[in-house]
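A look at the structure
Chain by chain, the residues:
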Amino acid sequence: MNIEVPTLVLGAIAAAFALFSLALAALIGPKRYNRAKLEPYECGIEPTPHAIAGGPGNAAGQRFPVKYYLTAMLFIIFDIEIVFLYPWAVHFDSLGLFGLAAMALFIFNVSVAYAYEWRRGGLSWD
């Protein structure tokens, strides 16, 4: 048997499950839509016409709050750091000096980003 066959079978099962789930949700899911459900939801901020750039009623110099999105991006950045640290910690002995230097450079880069966000006030919860 070819070595790629189990991988292809697993991929086919995953694709079939995804398609089956979407079809089942479309068939048995609720069909009662109202105005509140069809409106866009933006992290607790009421959608208003002035929030859209160039929209009606957009006052000059008015800013749209993006604190939620910045916090989400910070979480992703520092979460990815942990994803890279776990395999390095597991294979620390076999990587040698090159692995240590590469991880030191990586930690330095992430620390610079962390210090920048801290100084800019991105980690304060006002």
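Up top you'll find the structure we're talking about.
Residues numbered from 1 in each chain as written. Predicted model: local features only at pLDDT ≥ 70, side-chain atom pairs only at ≥ 80, totals over all residues. Heavy atoms only, no water.

Check the secondary structure of the protein and you find 4 helices and 0 strands. Counted from the first residue to the last, the protein has its helices and strands arranged as α-α-α-α. By the burial criterion, 7% of the 126 residues in the protein qualify as buried. Considering only intrachain contacts with a sequence separation of at least 6, the fraction spanning at least 24 residues in the protein is 39%. Split by element, the accessible area of the protein, about 11,100 Å² in all, is 71% carbon and sulfur. (Helix = DSSP H or I, 4+ residues; strand = E, 2+ residues; numbered from the N terminus. Buried < 20%, exposed > 50% of the residue type's maximum accessible area, 1.4 Å probe, protein only. Contact = heavy atoms within 4.5 Å. Areas by Shrake-Rupley, 256 points an atom, 1.4 Å probe, with all protein chains shown as cover.)

Moving on to the environment of Ile107. Note on placement: Ile107 falls in helix α4 (residues 92–120). Spatially, the C-alpha atoms of Ile107 and Leu85 are 9.2 Å apart, while their sequence positions differ by 22 residues. Ignoring sequence-local partners within four residues, the contact set of Ile107 consists of Glu81 and Leu85.

The next point concerns the packing of aromatic side chains. Per the counting criterion, the structure on display carries 4 aromatic pairs. Residues Phe78 and Tyr114 carry aromatic rings whose centres are separated by 5.6 Å and whose planes lie at 85 degrees to one another, so their mutual orientation is edge-to-face. Residue Phe78 is found in helix α3 (residues 67–90), and its partner Tyr114 is found in helix α4; the two are separated by 36 residues along the sequence. Here Phe78 falls in the buried class, since its relative accessible area comes to 18%. A centroid spacing of 5.2 Å and a plane angle of 80 degrees characterise the contact between Trp88 and Phe92, whose relative ring orientation is edge-to-face. (Phe/Tyr/Trp six-rings, centres within 6.5 Å; stacked < 30°, edge-to-face > 60°.)

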